[in-house]
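Single-letter residue listing:
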Amino acid sequence: QLVESGGGWVQPGASLRLSCTASGRSTNAYPMAWFRQSPGKDREFIAAQPYTDDPMTDYADSLKGRFTISRDSAKNTMDLEIVKVYPEDAAVYYCAARTQKGSFAIRSAARYDYWGPGTQVTVSS
């Protein structure tokens, strides 16, 4: 089971940290990712990492530089840090995990087996 937290209201230009907590099994050896979805839009890939501490983290080209993911093996969590939040960052943010190990970051949402319910981020001054 995956559960996201940390969403809420944030002002433009501020920073925000979201967290995804996994329970039931360790996710350290499995690919995980963050996605987001705004009303009327498709689910958008943000970042993915094949396993905890893998330096080969993949970020969406349009979001690279402002978004950073990190995983904590002891806590079985994955965080997403967003700096300089823009109004267009408003969305429901989801974390996802695969049940098959792999050495590549995966951008396709369809290839993830478990999803959290999402956490809403609202951007407003």
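What counts, and at which threshold
Residues numbered from 1 in each chain as written. Predicted model: local features only at pLDDT ≥ 70, side-chain atom pairs only at ≥ 80, totals over all residues. Heavy atoms only, no water. Helix = DSSP H or I, 4+ residues; strand = E, 2+ residues; numbered from the N terminus. Rg over C-alpha atoms; globule rule 2.2 N^0.38 Å. Buried < 20%, exposed > 50% of the residue type's maximum accessible area, 1.4 Å probe, protein only. Contact = heavy atoms within 4.5 Å. Core = buried A, V, L, I, M, F, W, Y, C linked by side-chain atoms within 4.5 Å. Salt bridge = Lys/Arg side-chain N within 4 Å of Asp/Glu carboxyl O.

**Q** Lay out the overall build of the protein with the relevant residues and their values.
**A** If you tally the helices and strands in the protein, you get 0 helices and 11 strands. Going from N to C terminus, the protein has its helices and strands arranged as β-β-β-β-β-β-β-β-β-β-β. By the compact-globule yardstick of 14 Å for 125 residues, the protein fits well, its C-alpha radius of gyration being 13 Å. Expressed as lengths along the three principal axes of its C-alpha atoms, the size of the protein is roughly 40 × 25 × 25 Å. Here the protein holds 125 residues, and 43% of them are scored as buried. Partitioning the contacts of the protein with sequence separation of at least 6, the portion at a separation of at least 24 is 59%.

**Q** Describe the environment of isoleucine 69, listing the residues and the values that go with them.
**A** Structurally, isoleucine 69 can be placed in strand S7 (residues 67–72). Measuring from C-alpha to C-alpha, the distance between isoleucine 69 and tyrosine 30 comes to 15 Å, with 39 residues separating the pair along the chain. Beyond its immediate chain neighbours, meaning those up to four positions away, isoleucine 69 contacts Trp34, Ala47, Ala48, Gln49, Thr57, Tyr59, Asp79 and Leu80.

**Q** Talk me through the nonpolar core; I want residue IDs and the actual numbers.
**A** Trp34, Ile46, Leu80 and Tyr93 are the most contacted members of the largest nonpolar core, which has 32 residues in total. Elements represented by at least two residues in this core include exactly strand S3 (16–22), strand S4 (32–37), strand S5 (44–49), S7, strand S8 (77–82), strand S9 (91–97) and strand S11 (119–123). Look past the residues within four positions of leucine 80 in its chain and what remains in contact with it is Leu16, Arg17, Leu18, Trp34, Ile46, Phe67, Thr68, Ile69 and Tyr93.

**Q** Mind laying out the pattern of salt bridges, listing which residues take part and the relevant values?
**A** If the charged atoms of two oppositely charged side chains come close together, the side chains can form a pair. Scanning all chains against the criterion turns up 8 salt bridges. Salt-bridge contacts for glutamate 81 lead to arginine 17; the nearest nitrogen and oxygen are separated by 3.4 Å. Here arginine 17 lies in strand S3 and glutamate 81 lies in strand S8, a separation of 64 residues in the sequence. With a relative accessible area of 31%, glutamate 81 lands in the partly exposed category. Taking the relative accessible area as the measure of exposure, arginine 17 reaches 44% and is therefore partly exposed. As a salt-bridge pair, aspartate 89 and arginine 36 come within 2.8 Å of each other at their nearest N and O atoms.

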